[in-house]
Amino acid sequence: PESRLKHPVNILAARWNAEALDEVLAHLPFRFPLPNHGSLGALYQYPLHQCLITLREKIHQVENGENGHGFGGLDTNKNMISGTIKALLNHGFEPNERVDHLDALDAEEEDPTEKHFGFTPLQIVVAAALDFERVTKMKDKPTTSVLASISAVLAAVSSLLVRSGARTNAELPPKLRLTKSSSSSSRVSKKSNENAPTTMNRRLVSVDISSLKIDGNRTVQELLGGEPRLSGAKKTWSSIKTPPSTPRAMINDDASPAVESELPGGSNDKSCAICWSQFGTLMNRKHKCRISLRYVCDDCSSKRISDGGKEHRLSDGQFLLAIADIEREQREKLAAQQETLREKQAEREARLKQAEAETAKKDKLFGGLMEKATNLIAGEEANVEDQIGGLHATLGQTADALNERGAKLSSLEEKTARLMNASEDFAQMAKELEKSQ
């Protein structure tokens, strides 16, 4: 089956599975030097183009009244395709690369990517927009929500690509590409018809190549969201400043020639490795991307990266990769900071729990002691009160005894006084008796 001939990256891009695409690319080579001397797009069978061809196929499903296209209701298609495009651009796939012929595919299999020979990603979006225009003119039109959903996807995708450097003034898809050996030789898709200005496969309707122009084509511009939106996207791209290099960027600042290859997507000194524009002596001079080491034109290498106070020319795809690397480093740094904060917070919480446990333990210990002390003091007070009560009773008894003794002494004193008086009377009587004798 065809799926066995396709690379997993191409399959996931066709399915708009951005999350899985990120995971797979994390384990595959996407940084130069690559295993071959072709392009990153050719290495994985042009997944960015395949992603957009799927959009054409889904619009074709709508046109044929088929189900499963996913348009209408929630904007899941817009989010899925936009996420897939971002994932590919963030890994260095070129926003203006043209589809080259892939000899690795079985000649008997009809491959939709191969049928878009010479197309840039944005030109495939234009083809999808023209497919949509045809749908809007159908007698039995789809529902309003479906039409609005397709329109939103086209606007979002085209704006995203232009914000990422895709050019609206790219030349129409050529029928051949200049190679190293001769300015007249070409590499042409085995199944493409050089004389027919159309491209098609079993599921896609023919597209008139001459209708793929964007600049100055108001109809196409409106289908892509309008000229103001496209102009705003261009300004966003042009306003991106030169970023600093990252450790992941392998900059080659030597005078050695670029790596040339006849492989699909390969570089040669006759034309740009990305958009295939022919190099000239004065106009459209060739340049070398300082990371991919491929010959590129000025339009496909409009950005620079700074390293050690020096700026280096990069292809647009490698520039997008450098920007993504900076964002990855920032996310990793932020994630590390958040992890540090979480660890510190966990340590604080652990210390707090430990302190609370120790406080509870102390409260339990000292609380028991205080209870005992309180009980003890309360008990001693009770004993003191009892002792005071007993003392009061004893003192009362003593007072009573003293009072009784005092009473007795008073009685004795009275008796003594009476005896003394009686004695005095007796003595007086004795004296008078003697006198009488």
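Undergrad: Before we move on, could you go through the overall build of the protein and cite the residues and values that matter?
TA: Looking only at helices and strands, one finds 10 helices and four strands in the protein. Reading the protein from its N terminus to its C terminus gives the helix and strand order α-α-α-α-α-α-α-α-α-β-β-β-β-α. Every one of the 437 residues in the protein was classed for burial, and the buried ones make up 39%. Sequence-distant contacts, at least 24 apart, represent 72% of the contacts inside the protein between residues at least 6 apart. When the accessible surface of the protein is totalled, it reaches about 24500 Å², and 53% of it is carbon and sulfur.

Undergrad: Any details on the pairing of strand β4 (residues 310-314)? Residues and values, ideally.
TA: In terms of strand pairing, strand β3 (residues 303-307) meets β4 through five bridges, oriented antiparallel. From the neighbouring strand, Arg-304 faces β4, where its bridge partner is Arg-313. Once β3 ends, the chain turns through two residues before running back antiparallel as β4, passing Gly-308 with a positive phi of about 65°.

Undergrad: Could you give an account of the packing of helix α7 (residues 144-163) against helix α9 (residues 227-238), with specific residues and numbers?
TA: Where α7 contacts α9, the two axes come as close as 7 Å, and the packing angle between them is 30°. One finds that α7 runs roughly parallel with respect to α9. In the crossing of α7 with α9, the sense of the turn from one axis to the other is right-handed. Residue-level contacts link Ala-155, Ala-156, Ser-158, Ser-159, Val-162 and Arg-163 of α7 to Arg-229, Leu-230, Ala-233, Lys-234, Thr-236 and Trp-237 of α9. A per-class count over the contact of α7 with α9 returns six nonpolar, three polar and three charged.

Undergrad: Go over helix α6 (residues 121-136) with me, naming the residues and quoting the values.
TA: Here α6 spans 23 Å end to end across 16 residues, near enough to the 22 Å set by a 1.5 Å rise per residue. With 13 of 16 residues buried, α6 is to be regarded as a mostly interior element.

Undergrad: For unusual backbone geometry, give the residues involved together with the corresponding values.
TA: Following Phe-32, the chain continues to Pro-33 via a peptide bond in cis, the omega torsion being 0°. With a phi angle near 60°, Gln-45 is a residue other than glycine that sits in the positive phi range. When its relative accessible area of 12% is taken as the criterion, Gln-45 is described as buried. Of note, Trp-276 is a non-glycine position whose phi angle comes to about 70°, a positive value. Along the chain, the position of Trp-276 falls in the loop between α9 and β1 (287-288).

Undergrad: Report on helix α5 (residues 76-89), specifying residues and quantitative values.
TA: Taking 1.5 Å as the rise per residue, α5 with 14 residues should run 20 Å; its terminal C-alpha atoms sit 20 Å apart, in good agreement. Among the residues of α5, those classed as buried are Asn-77, Ile-81, Ser-82, Thr-84, Ile-85, Ala-87, Leu-88 and Leu-89.

Undergrad: How would you sum up the environment of Phe-93? Please name residues and give values.
TA: Summarising the element assignment, Phe-93 is placed in the loop between α5 and α6. Spatially, the C-alpha atom of Phe-93 lies 7.7 Å from that of Gln-318, the residues being 225 residues apart in sequence.

Undergrad: Explain the side chain of Asn-96 residue by residue, including any values.
TA: Positionally, Asn-96 belongs in the loop between α5 and α6. In terms of polar contacts, Asn-96 uses its side chain to reach the backbone carbonyl oxygen of Gly-165, at 2.9 Å. A distance of 2.8 Å separates a polar atom in the side chain of Asn-96 from the backbone nitrogen of Arg-167. Residues in contact with Asn-96, not counting those within four places in the same chain, are Thr-120, Pro-121, Gly-165, Ala-166, Arg-167, Ile-274, Cys-275, Cys-300 and Asp-316.

Undergrad: Before we move on, could you go through the side chain of Glu-63 and cite the residues and values that matter?
TA: By the element assignment, Glu-63 lies in helix α4 (residues 47-63). Ignoring any residue separated from it by four or fewer positions in sequence, one finds Glu-63 in contact with Arg-134, Val-135, Met-138 and Val-205.

Undergrad: How would you sum up the packing of aromatic side chains? Please name residues and give values.
TA: Counted by the stated rule, this structure contains three aromatic pairs. Judged by centre distance (5.8 Å) and plane angle (90°), the ring pair of Trp-237 and Phe-319 falls under edge-to-face. With a gap of 82 residues between them, Trp-237 in helix α9 and Phe-319 in helix α10 (residues 316-436) connect regions that are remote in the sequence. Pair check on accessibility: Trp-237 and Phe-319 agree, each one buried. In this arrangement the basic side chain of Lys-58 is found over the ring face of Trp-16, its NZ or CZ atom lying 5.3 Å from the centre. Its guanidinium or amino end placed over the ring of Trp-237, Lys-303 lies 5.0 Å from that ring's centre, counting from NZ or CZ.

Undergrad: Give a detailed account of empty space enclosed by the protein, specifying residues and quantitative values.
TA: Following the criterion strictly, the structure yields three cavities of 30 Å³ or more and no others. In this structure, the largest cavity is lined by Arg-31, Phe-32, Arg-248, Ala-249, Met-250, Ile-291, Gln-318, Leu-321, Ala-322 and Asp-325.

Undergrad: So what's going on with the pattern of salt bridges? Which residues, and what values?
TA: Enumeration according to the criterion identifies 13 salt bridges in this entry. Salt-bridge contacts for Glu-133 lead to Lys-137; the nearest nitrogen and oxygen are separated by 3.7 Å. The exposure class assigned to Lys-137 is exposed, which follows from its relative accessible area of 63%. Its salt-bridge partner being Lys-310, residue Asp-253 comes within 2.8 Å of it at the nearest N-O pair. With a gap of 57 residues between them, Asp-253 in the loop between α9 and β1 and Lys-310 in strand β4 connect regions that are remote in the sequence. Using a relative accessible area of 41% as the deciding quantity, one classes Asp-253 as partly exposed.

Here is what the cut-offs are and how they apply
- Residues numbered from 1 in each chain as written.
- Predicted model: local features only at pLDDT ≥ 70, side-chain atom pairs only at ≥ 80, totals over all residues.
- Heavy atoms only, no water.
- Helix = DSSP H or I, 4+ residues; strand = E, 2+ residues; numbered from the N terminus.
- Buried < 20%, exposed > 50% of the residue type's maximum accessible area, 1.4 Å probe, protein only.
- Contact = heavy atoms within 4.5 Å.
- Areas by Shrake-Rupley, 256 points an atom, 1.4 Å probe, with all protein chains shown as cover.
- Pairing = 2+ DSSP bridges.
- Axes fitted to C-alpha atoms, helices over the stretch in contact; angles between N-to-C directions.
- Parallel < 35°, antiparallel > 145°, perpendicular 65-115°, else oblique.
- Left-handed = near helix turned anticlockwise from the far one by under 90°.
- Nonpolar A, V, L, I, M, F, W, Y, C, P; charged D, E, K, R; others polar.
- Expected span 1.5 Å × (residues − 1).
- Polar contact = N/O pair within 3.5 Å; in protein donor to acceptor, adjacent residues only side chain to side chain.
- Phe/Tyr/Trp six-rings, centres within 6.5 Å; stacked < 30°, edge-to-face > 60°.
- Lys NZ or Arg CZ within 6 Å of the ring centre and 35° of its normal.
- 1 Å grid on protein atoms, 1.4 Å probe; cavity = no way out; pocket = protein on both sides within 12 Å on 5 of 7 lines; lining within 4 Å.
- Points joined across faces, edges and corners; volume = space filled by probe spheres on them.
- Salt bridge = Lys/Arg side-chain N within 4 Å of Asp/Glu carboxyl O.

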